[in-house]
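Structural description and commentary
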Amino acid sequence: MPDPDLIVGASVTITGGPFATLSATITEIDTPSRTAKGVIEIFGRHSSVELSFTGPPHELQVTAASDRSQIIAAHKDATRHFGVVGRITSGKGAGRYIRVDGMAALDEPAEEQTESAGVMIRVADDPRMQINCVGEWVEDWAGVEESFRLDGRQVDWDH
């Protein structure tokens, strides 16, 4: 880290990103990458964040993003059903159809499209995804699994 005051347990003010102006307590430091993990308090709850440090020590810029490492680890072995239409059997939207599509970065060839630009979860009343279709963007398949968990969804992918 560029600043000797940045140690585990130190408090830093986040200067950029969605958590700008909040304070974070550093819990881990990765000196070579100029990143760290920390904890913020938001809405009365503690949330883990990933911190990035830029600029000289006396003008340090700190940005933060949600730390999703535990969610990603929890769903690393989940089977991915990109482009497959399934039927929601329980939870939010039970009886409706669902399809999950990996979004591609604009510079990715079609045959190499992955979830690199995020994932779109589409839910509709029909398997062609045309009637009352709504979508939700998430970052990756771990976000899909977490969304399913929060909504209590079980999906039959072989309907």
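Now for a description of the structure that goes with this document. Here the structure is a predicted model, which is why all the values come from computation and not from measurement.

Some thoughts on the pattern of salt bridges
In the structure shown here, the tally under the stated rule is eight salt bridges. Where Asp 140 meets Arg 68, a salt bridge forms, and the shortest distance between an N and an O atom there is 2.8 Å. In this pair, Asp 140 sits in the loop between strand S9 (134-138) and helix H2 (141-151) while Arg 68 sits in the loop between strand S5 (61-66) and helix H1 (69-74), placing the two residues 72 residues apart along the sequence. Here Arg 68 falls in the buried class, since its relative accessible area comes to 14%. As a salt-bridge pair, Glu 146 and Arg 149 come within 2.5 Å of each other at their nearest N and O atoms. Here the residue Glu 146 and the residue Arg 149 both occupy positions in helix H2, the gap between them amounting to three residues, near one helical turn. Residues joined by salt bridges that share partners form a network here, namely Arg 68, Glu 139 and Asp 140.

Quick notes on the environment of Met 120
You can see Met 120 is positioned in strand S8 (residues 119-124). Overall, the relative accessible area of 18% leaves Met 120 in the buried class. The sequence separation of Met 120 and Asp 140 amounts to 20 residues, and the corresponding C-alpha distance is 8.9 Å. The contact partners of Met 120, leaving out residues within four places of it in the chain, are Arg 99, Val 100, Asp 101, Met 103, Gly 135, Glu 136 and Trp 137.

Some details on the pairing of strand S4 (residues 45-54)
Two faces belong to every sheet, and in a regular strand the side chains alternate between them. Alignment of strand S3 (residues 35-42) against S4, held across eight bridges, turns out to be antiparallel. Across the sheet, the residue bridging to Thr 35 is Ser 52, located in S4. From the end of S3 to the start of S4, which pair antiparallel, there are two residues, and Phe 43 there has a positive phi angle of about 55°. Relative to S5, S4 is paired through six bridges, and the arrangement is antiparallel. Paired with Phe 53 across the strands is Val 62, a residue of S5.

So, the sheet that holds strand S1 (residues 11-13)
If you trace the five strands from one edge of the open sheet to the other, you get S1-S2-S3-S4-S5, paired in antiparallel fashion. Bordering the open sheet on either side are S1 and S5, each of which pairs with just one other strand. Pairwise comparison of adjacent strand axes, ignoring direction, gives a mean angle of 45° for this sheet. In terms of strand pairing, strand S2 (residues 23-30) meets S3 through six bridges, oriented antiparallel. Paired with Ala 24 across the two strands is Ile 40, which belongs to S3.

Overview of H2
Every buried residue of H2 is accounted for by Trp 141, Ala 142, Gly 143, Val 144, Glu 146, Ser 147 and Phe 148. Measuring from the side-chain oxygen of the N-cap residue of H2 to the backbone nitrogen of Ala 142 gives 3.2 Å; that N-cap residue is Asp 140. Of the residues trailing H2, Gly 152 is marked for its positive phi of about 65°.

Conventions adopted
- Residues numbered from 1 in each chain as written.
- Predicted model: local features only at pLDDT ≥ 70, side-chain atom pairs only at ≥ 80, totals over all residues.
- Heavy atoms only, no water.
- Salt bridge = Lys/Arg side-chain N within 4 Å of Asp/Glu carboxyl O.
- Helix = DSSP H or I, 4+ residues; strand = E, 2+ residues; numbered from the N terminus.
- Buried < 20%, exposed > 50% of the residue type's maximum accessible area, 1.4 Å probe, protein only.
- Contact = heavy atoms within 4.5 Å.
- Pairing = 2+ DSSP bridges.
- Axes fitted to C-alpha atoms, helices over the stretch in contact; angles between N-to-C directions.
- Polar contact = N/O pair within 3.5 Å; in protein donor to acceptor, adjacent residues only side chain to side chain.

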